[in-house]
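Structural description and commentary
The primary structure of each chain is shown beneath.
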Amino acid sequence: ASYVVDVRLKNETSTAVISTADLKVDLNDPAVDKYLEKPGRWNRVEIVDRNGRRRVEINGQEVVNAAASNSAASLSLSADGQVDFANLYASKPAG
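Residues numbered from 1 in each chain as written. Predicted model: local features only at pLDDT ≥ 70, side-chain atom pairs only at ≥ 80, totals over all residues. Heavy atoms only, no water.

**Focus: the sheet that holds strand β2 (residues 15–20)**
What counts is decided by this rule: We treat two strands as partners when DSSP finds at least two bridges between them. Elements are defined by DSSP. Helices are runs of H or I of four residues or more, strands are runs of E of two residues or more, and each kind is numbered from the N terminus. To obtain each axis, a line is fitted to C-alpha atoms, and for helices this fit is confined to the stretch in contact; angles are then taken between N-to-C directions over 0 to 180 degrees.
The antiparallel open sheet is built from three strands, whose spatial order is β3-β2-β7. Each of the sheet's edge strands pairs with one partner strand only, and the pair in question is β3 (23–26) and β7 (76–80). For this sheet, the mean angle separating the axes of adjacent strands, direction not counted, is 15°. Bridge count for β2 against β7 is five bridges, and the pairing is antiparallel. Its bridge partner lying in β7, S19 is registered against S76.

Written as structure tokens, this is what we have:
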């Protein structure tokens with residue numbers, strides 16, 4: 001499956017976690033945080049499964065490229081503090 005979600009962290013203490021069945025993207029993680037816009041601005045998170053690989057991009061920058069599992073497609077969004085989610089898109093893989 002593939003997902004796109006836009007996230008806006010409204011202040012410095014806000015954070016969000018985007019999870020699939022076997023992947024967790026914590027926007028508070030320093031390895032991810034460096035790709036985020038300043039608080040109050042929108043960030044695009046893309047999770048794409050293609051050719052047996054799972055790629056995660058934050059604002060067009062690759063933060064994960066790993067083997068994709070065959071687990072059931074699911075998406076979970078959680079927030080701590082003031083966070084907006086918008087433009088959620090989900091698709092299943094072709095074939």
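Picking up after the structure, the text goes on.
**Some details on the pattern of salt bridges**
Applied cut-off: A side-chain nitrogen of Lys or Arg and a carboxyl oxygen of Asp or Glu constitute a salt bridge if their distance falls within 4 Å. Exposure categories follow from relative accessible area, calculated using a 1.4 Å probe and restricted to protein chains: below 20% of the type maximum is buried, above 50% is exposed, and the middle band is partly exposed.
One pass over the full model with this rule turns up seven salt bridges. Close ionic contact of R41 with E37 constitutes a salt bridge, the shortest N to O distance being 3.8 Å. We classify R41 as exposed; its relative accessible area is 51%. Taken together, the shared-partner salt bridges in this structure form one network comprising R8, K10 and D84.

**A short note on the layout of surface pockets**
This is how the line gets drawn: Residues are called lining when one of their atoms sits within 4 Å of a cavity or pocket point, these points coming from a 1 Å grid over the protein atoms alone, where a cavity is a set in which a 1.4 Å probe fits but cannot get out and a pocket is an open set with protein on both sides within 12 Å along at least five of seven lines. Grid points are joined across faces, edges and corners, and a volume is the space filled by probe spheres set on the points. Gly is placed with the polar residues, together with every amino acid not listed as nonpolar (Ala, Val, Leu, Ile, Met, Phe, Trp, Tyr, Cys and Pro) or charged (Asp, Glu, Lys and Arg).
One number sums up the size of the largest pocket: a volume of about 150 Å³. Class assignment of the residues belonging to the lining of the largest pocket gives a composition of four nonpolar, four polar and four charged.

**Comments concerning the environment of S78**
To keep things clear, this is the line we draw: Contacts between residues were defined by any pair of non-hydrogen atoms, one from each residue, lying within 4.5 Å.
With respect to the element layout, S78 can be found in strand β7. Taking C-alpha positions, S78 is 22 Å from N65, a pair spaced 13 residues apart along the chain. When sequence neighbours within four positions are dropped, the list of residues in contact with S78 reads T15, A16, V17 and F85.

**Focus: the side chain of S14**
To be explicit about the condition: Any N or O atom pair separated by 3.5 Å or less is treated as a polar contact, with the protein-specific requirement of one donor-capable and one acceptor-capable atom, and with residues adjacent in sequence counted only for side-chain atom pairs.
Along the chain, S14 falls in the loop between β1 (2–9) and β2. Engagement of the side chain of S14 in a polar contact is seen with the side chain of N11, the distance being 2.9 Å. A polar side-chain atom of S14 sits 2.8 Å from the main-chain carbonyl oxygen of Q82.

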